[in-house]
Amino acid sequence: MCASYLQLGFVHVPAAFATQYLKHAVKKVIIRVSDGRRWKIHCITKDGYKRAKLSEGWAKFVSDNHLSKGDICVFKLVNEERFVMKASIVRVS
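Described in the following lines is the structure provided in the data block. (Residues numbered from 1 in each chain as written. Predicted model: local features only at pLDDT ≥ 70, side-chain atom pairs only at ≥ 80, totals over all residues. Heavy atoms only, no water.)

**Considering the pattern of salt bridges**
Step number 1: Taken as a whole and assessed by the stated rule, the structure comprises 3 salt bridges.
Step number 2: Close ionic contact of Asp64 with Lys60 constitutes a salt bridge, the shortest N to O distance being 3.1 Å. Pair noted here: Asp64 and Lys60 are both in helix α3 (residues 58–64), with a separation of 4 residues, about one helical turn.
Step number 3: Among the residues examined, Asp64 registers a relative accessible area of 24% and is labelled partly exposed. (Salt bridge = Lys/Arg side-chain N within 4 Å of Asp/Glu carboxyl O. Helix = DSSP H or I, 4+ residues; strand = E, 2+ residues; numbered from the N terminus. Buried < 20%, exposed > 50% of the residue type's maximum accessible area, 1.4 Å probe, protein only.)

**Overview of the sheet that holds strand β5 (residues 72–79)**
Step number 1: Taken together, 6 strands build an open sheet; the order of strands is β1-β4-β3-β2-β6-β5 and the sheet is mixed. Bordering the open sheet on either side are β1 (11–13) and β5, each of which pairs with just one other strand. The mean angle between the axes of side-by-side strands here comes to 35°, regardless of whether they run parallel or antiparallel.
Step number 2: Relative to strand β3 (residues 38–46), strand β2 (residues 28–32) runs antiparallel, the two sharing 5 bridges. Paired with Ile31 across the two strands is Trp39, which belongs to β3. (Pairing = 2+ DSSP bridges. Axes fitted to C-alpha atoms, helices over the stretch in contact; angles between N-to-C directions.)

**A look at the state of the cysteines**
Step number 1: Within this structure, the stated rule accounts for 0 disulfides.
Step number 2: No disulfide involves Cys43; its sulfur sits 16 Å from that of Cys73, the nearest cysteine.
Step number 3: On the basis of relative accessible area, Cys43 is assigned to the buried category, the value being 3%. (Disulfide = S-S within 2.5 Å.)

**Brief notes about the side chain of Asn65**
Step number 1: Relative to the helices and strands, Asn65 resides in the loop between α3 and β5.
Step number 2: Its relative accessible area of 3% is what places Asn65 among the buried residues.
Step number 3: Polar contacts involving the side chain of Asn65 include one to the main-chain carbonyl oxygen of Phe61, which spans 2.9 Å.
Step number 4: Among all residues touching Asn65, those that are not within four sequence positions of it are Val33, Arg37, Trp39, Ile89 and Arg91. (Polar contact = N/O pair within 3.5 Å; in protein donor to acceptor, adjacent residues only side chain to side chain. Contact = heavy atoms within 4.5 Å.)

**Here we look at the packing of aromatic side chains**
Step number 1: For the coordinates displayed, the defined rule picks out 5 aromatic pairs.
Step number 2: On the basis of an interplanar angle of 45° and a centroid distance of 6.2 Å, the ring pair of Phe61 and Phe75 is categorised as tilted. Taken together, the residues Phe61 in helix α3 and Phe75 in strand β5 connect sequence positions 14 residues apart.
Step number 3: Overall, Phe61 belongs to the buried group, its relative accessible area being 0%.
Step number 4: A relative accessible area of 30% places Phe75 in the partly exposed class.
Step number 5: By way of ring pairs, the aromatic residues Trp39, Trp58, Phe61 and Phe75 are connected into one cluster. (Phe/Tyr/Trp six-rings, centres within 6.5 Å; stacked < 30°, edge-to-face > 60°.)

So yeah, pure geometry; function would need other evidence.
Spelled out as structure tokens, the structure:
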């Protein structure tokens, strides 16, 4: 995680992912972690779904998981219909 993702309350979604999977005006994304906890996070799309960011709810996800600068989060889309992503977190320390 870079500092801006931890402090600004949103994270940008890679353009290739947004273009392929956010064509249906996804408004909420569910992120779950291995212990079963879940967060509903607002998704904002722009430029005909070519750009997107996760906003409202992202700061809670960061806080609840004690993410720090340098930590790595890998997101895997596990349910395309309900837009559920599994997050795997690798700690820097």
